[in-house]
Amino acid sequence: MAKSHKPVVWFPFAAGGTVIAFFIPVIVLLTLMTALGHVPAGLGYERMHAFAASGLGKLIIFGVVALSLWSSAHRLRCTCFDFGLRADTLVATVLYVAAIVGSLASAIFLLRI
Amino acid sequence: MSRRPLVRECPPTTWYFRQPRYLRYMSREITSIFVGAYCVLLVVGLQRLAAGPAAWEGFLQALRTPASIMFQFLALVAAVYHAATWFNATQKAMPVQIGEDFVPGSVISGAHYVAWAVLSLAILYLAGVF
């Protein structure tokens, strides 16, 4: 059977699409409330830091950020192609590398907390 | 012998203006730009959180500029649109069969909407909004 690297790209994409759909709207709502001056108590430094310092918190944050980054990178690649930017190998390389760098950076920041 | 195969003209940058459904497809594609940019904001936020209380407060302050509010508003619209279209697609992407019959698509998508609402409210509660 022919081997394909597509599942490697596709699994995080589908998982990321689901994670974005379930989590990102409410996270944007929270930061938007903060921006409008109604800072939720949970976004204060103490509570955010305590959440990110716990093992479960690190896992949740990393899962949401890394999967969302990967899914967005894959979708942006398709968007570029659909808007007529046909240098797909270049676009894919740039976006996937960006997603991997962003995920690694998130892991490093989380480990520092 | 000459043959002229049918070659459909497809302008690479303007094809989606031909059909309303192509435009709807592209309007969903565009949401990835805002969601992707927002993910970068999340990574920056993590860096600020790791840098200490002053850096985190500075990050929360920086969210309040008019440009940032505008961006977050657009990101919210994009994220909700992405979520709604994603949940509408679930009934096509993963049909559930029980015995001979398929579970109605509205039930599958509806279950996702309910789960979305419950999860969002739970997160708002945990974040201390109410």
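Owing to the predicted nature of the structure, the values given are computational and were not obtained by experimental measurement.

Asks: Pulling in residues and values, what's your account of the layout of surface pockets?
Replies: Taken as a whole, the largest pocket spans an internal volume of roughly 760 Å³. Around the largest pocket, the lining is made up of 26 residues, and of these A:Ile27, A:Leu30, A:Met48, A:Phe51 and A:Ile61 lie nearest the centre. If you tally residues by element for the lining of the largest pocket, the top one is helix H1 (residues 20-50) of chain B, at 6 residues. Broken down by class, the residue content of the lining of the largest pocket amounts to 22 nonpolar, 3 polar and 1 charged.

Asks: Describe the confidence of the model for chain B, and please don't skip the residues or the numbers.
Replies: On average, residues of chain B score 94 in pLDDT, and 99% of them reach the 70 mark or higher. The spread of mean pLDDT over the elements of chain B runs between strand S1 (residues 97-98) of chain B, the lowest at 91, and helix H2 (residues 53-62) of chain B, the highest at 97.

Asks: Talk me through the environment of A:Gly42; I want residue IDs and the actual numbers.
Replies: Relative to the elements of secondary structure, A:Gly42 occurs in the loop between helix H1 (6-35) and helix H2 (45-53). For the pair formed by A:Gly42 and A:Leu30, sequence separation is 12 residues and the distance between their alpha carbons is 9.5 Å.

Asks: Lay out the interface of chain B and chain A in plain terms, naming residues and giving numbers.
Replies: On the chain A side, the residues contacting the 51 residues of chain B number 53 residues. Summing both sides of the interface, chain B and chain A together bury roughly 4,500 Å²; the carbon and sulfur share of this comes to 76%. In terms of surface lost to chain A, no three residues of chain B exceed B:Leu46, B:Leu49 and B:Trp86, which account for 13% of the buried area on that side. The interface formed by chain B and chain A holds 0 salt bridges in total. Connecting chain B to chain A are 18 residue pairs in polar contact (both at pLDDT 80 or more). Of all the elements in the fold, those that place two or more residues in the side of chain B that touches chain A are H1, H2, helix H3 (66-93) and helix H4 (105-126) of chain B. Residue classes in the side of chain B that touches chain A are distributed as 36 nonpolar, 11 polar and 4 charged.

Asks: Quick one: what's the story with the side chain of B:Ser120, residue by residue and with numbers?
Replies: Locating B:Ser120 in the fold gives a position in helix H4. Accessibility expressed as a relative area gives 14% for B:Ser120, which makes it buried.

Asks: Outline H2(B), listing residues and values.
Replies: Residues B:Ala55, B:Trp56, B:Phe59 and B:Leu60 constitute the buried set of H2(B). End-on view of H2(B): buried residues confined to an arc of 140°, all on one side of the axis. Buried positions along H2(B) lie against H1 and H2 of chain A together with H1 of chain B.

Asks: Can you lay out the environment of B:Ser106 for me, pointing to particular residues and giving the numbers?
Replies: All names here are of chain B. Looking at the secondary structure, you find Ser106 in helix H4. Accessibility expressed as a relative area gives 57% for Ser106, which makes it exposed. A sequence separation of 98 residues divides Ser106 from Arg8, and the C-alpha atoms of the two residues are 37 Å apart.

Asks: Run through a nonpolar patch on the surface, naming residues and quoting values.
Replies: All names here are of chain A. On the surface, Phe51, Leu56, Leu59 and Ile60 cluster together to form a nonpolar patch covering roughly 410 Å² of accessible area. Element by element, the count of residues in the nonpolar patch is highest for helix H3 (residues 55-82), at 3 residues. Structurally, Leu56 can be placed in helix H3.

Asks: Describe the nonpolar core, listing the residues and the values that go with them.
Replies: Soluble globular proteins tend to pack their nonpolar side chains together in the buried interior. Judged by nonpolar contacts, the single largest core of 46 residues is most densely connected at A:Ile24, A:Val65, B:Tyr38, B:Leu49 and B:Trp56. Counting residues per element, the ones that place at least two in this core are H1, H2, H3 and helix H4 (88-112) of chain A together with H1, H2 and H3 of chain B. Sorting elements by how many residues they give to this core places H1(A) first, with 10 residues. Residue contacts for B:Trp56: discarding those within four places in its chain leaves A:Leu43, A:Gly44, A:Tyr45, A:Met48, B:Gly45, B:Arg48 and B:Leu49. Counting residues in each nonpolar core, the second largest holds 6 residues, with A:Ala21, B:Ala83, B:Trp86 and B:Phe87 among its members.

Rules used in this analysis
Residues numbered from 1 in each chain as written. Chains lettered and ligands numbered in written order. Predicted model: local features only at pLDDT ≥ 70, side-chain atom pairs only at ≥ 80, totals over all residues. Heavy atoms only, no water. 1 Å grid on protein atoms, 1.4 Å probe; cavity = no way out; pocket = protein on both sides within 12 Å on 5 of 7 lines; lining within 4 Å. Points joined across faces, edges and corners; volume = space filled by probe spheres on them. Helix = DSSP H or I, 4+ residues; strand = E, 2+ residues; numbered from the N terminus. Nonpolar A, V, L, I, M, F, W, Y, C, P; charged D, E, K, R; others polar. pLDDT = per-residue confidence, 0-100. Contact = heavy atoms within 4.5 Å. Buried area = accessible area lost by both parts, 1.4 Å probe. Salt bridge = Lys/Arg side-chain N within 4 Å of Asp/Glu carboxyl O. Polar contact = N/O pair within 3.5 Å; in protein donor to acceptor, adjacent residues only side chain to side chain. Buried < 20%, exposed > 50% of the residue type's maximum accessible area, 1.4 Å probe, protein only. Arc of directions from axis to C-beta. Patch = residues over 30% accessible without salt bridge, like charges linked within 9 Å, V, L, I, M, F, W, Y side chains within 5 Å. Areas by Shrake-Rupley, 256 points an atom, 1.4 Å probe, with all protein chains shown as cover. Core = buried A, V, L, I, M, F, W, Y, C linked by side-chain atoms within 4.5 Å.

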